[in-house]
Amino acid sequence: MNMSQDDSFFNKVFQVCKQIPKGKVTSYGAIAKAIGSPQSARMVGWAMNKSFSFEESIPAHRVVNRIGMLSGKKAFGNPNLMQQLLEQESIPVKDDQVQDFEKYFWDPIMLDF
DNA sequence: CACTTGACGTCGT
DNA sequence: GACGACGCCAAGT
């Protein structure tokens, strides 16, 4: 099956993730809602974990849960890497939580999927 | 093939 | 407002 033209859940998730502006973050639920599956937020997170298997550079570090916590930091190999990447984009992180989450939050719903 | 796990979110207490 | 339970869907065991 051809993944390049795959309109499946995963592909949509990856497309959204790649379009997250630098210095911004979003939540799994927001992505799920944006692609039309608001109740499949878990699948978004699961897709992110699998995203490392894809050659495409998915900025998975820009995706956190609804409260801005770095719930998936462990998937980066080094648990501190996710926070490092966020701070690298001028996103303040403290205690595995994005500070001023609302301020840096980017809603993918505007992509009008 | 049935059960458990998981980078979540919403609702009820 | 913190904590627990349930629902969601796919993959791993």
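Residues numbered from 1 in each chain as written. Chains lettered and ligands numbered in written order. Predicted model: local features only at pLDDT ≥ 70, side-chain atom pairs only at ≥ 80, totals over all residues. Heavy atoms only, no water.

### Details of the protein's contact with DNA strand C
Part 1 of the argument: Residues in close proximity to DNA strand C include Gln 39, Ser 40, Arg 42, Met 43, Trp 46 and Lys 50, which together make up its full environment.
Part 2 of the argument: Close to the protein, within 4 Å, the atoms of DNA strand C belong to sugar or phosphate groups at a rate of 65%.
Part 3 of the argument: Separating a base oxygen of DNA strand C from a side-chain N or O atom of Arg 42 is a distance of 3.0 Å.
Part 4 of the argument: In terms of residue class, the surface near DNA strand C is built from 2 nonpolar, 2 polar and 2 charged. (Near = heavy atom within 4 Å. Polar contact = N/O pair within 3.5 Å; in protein donor to acceptor, adjacent residues only side chain to side chain. Nonpolar A, V, L, I, M, F, W, Y, C, P; charged D, E, K, R; others polar.)

### Some points on the protein's contact with DNA strand B
Part 1 of the argument: Neighbouring residues of DNA strand B: 17 residues in total, closest Tyr 28, Met 43, Phe 52, Arg 66 and Gly 72.
Part 2 of the argument: Interatomic distance of 2.9 Å between a backbone N/O atom of Asn 49 and a base nitrogen of DNA strand B.
Part 3 of the argument: Arg 66 is positioned with one of its backbone polar atoms (N or O) 2.7 Å from a phosphate oxygen of DNA strand B.
Part 4 of the argument: When residues of the surface near DNA strand B are traced back to their parent elements, those giving at least two are α2 (28-34) and α3 (41-51). (Helix = DSSP H or I, 4+ residues; strand = E, 2+ residues; numbered from the N terminus.)

### Here we look at the pattern of salt bridges
Part 1 of the argument: For the structure shown, the criterion picks out 3 salt bridges.
Part 2 of the argument: Glu 56 serves as the salt-bridge partner of Lys 18, at 3.2 Å between the closest nitrogen and oxygen. Of the two residues, Lys 18 sits in helix α1 (residues 9-18) while Glu 56 sits in the loop between α3 and β2 (63-64), which places them 38 residues apart along the sequence.
Part 3 of the argument: Its relative accessible area of 40% is what places Lys 18 among the partly exposed residues.
Part 4 of the argument: According to the relative accessible area criterion, Glu 56 is partly exposed, its value standing at 48%.
Part 5 of the argument: With its nearest N and O atoms 2.5 Å apart, the salt bridge here joins Asp 96 to Lys 73. (Salt bridge = Lys/Arg side-chain N within 4 Å of Asp/Glu carboxyl O. Buried < 20%, exposed > 50% of the residue type's maximum accessible area, 1.4 Å probe, protein only.)

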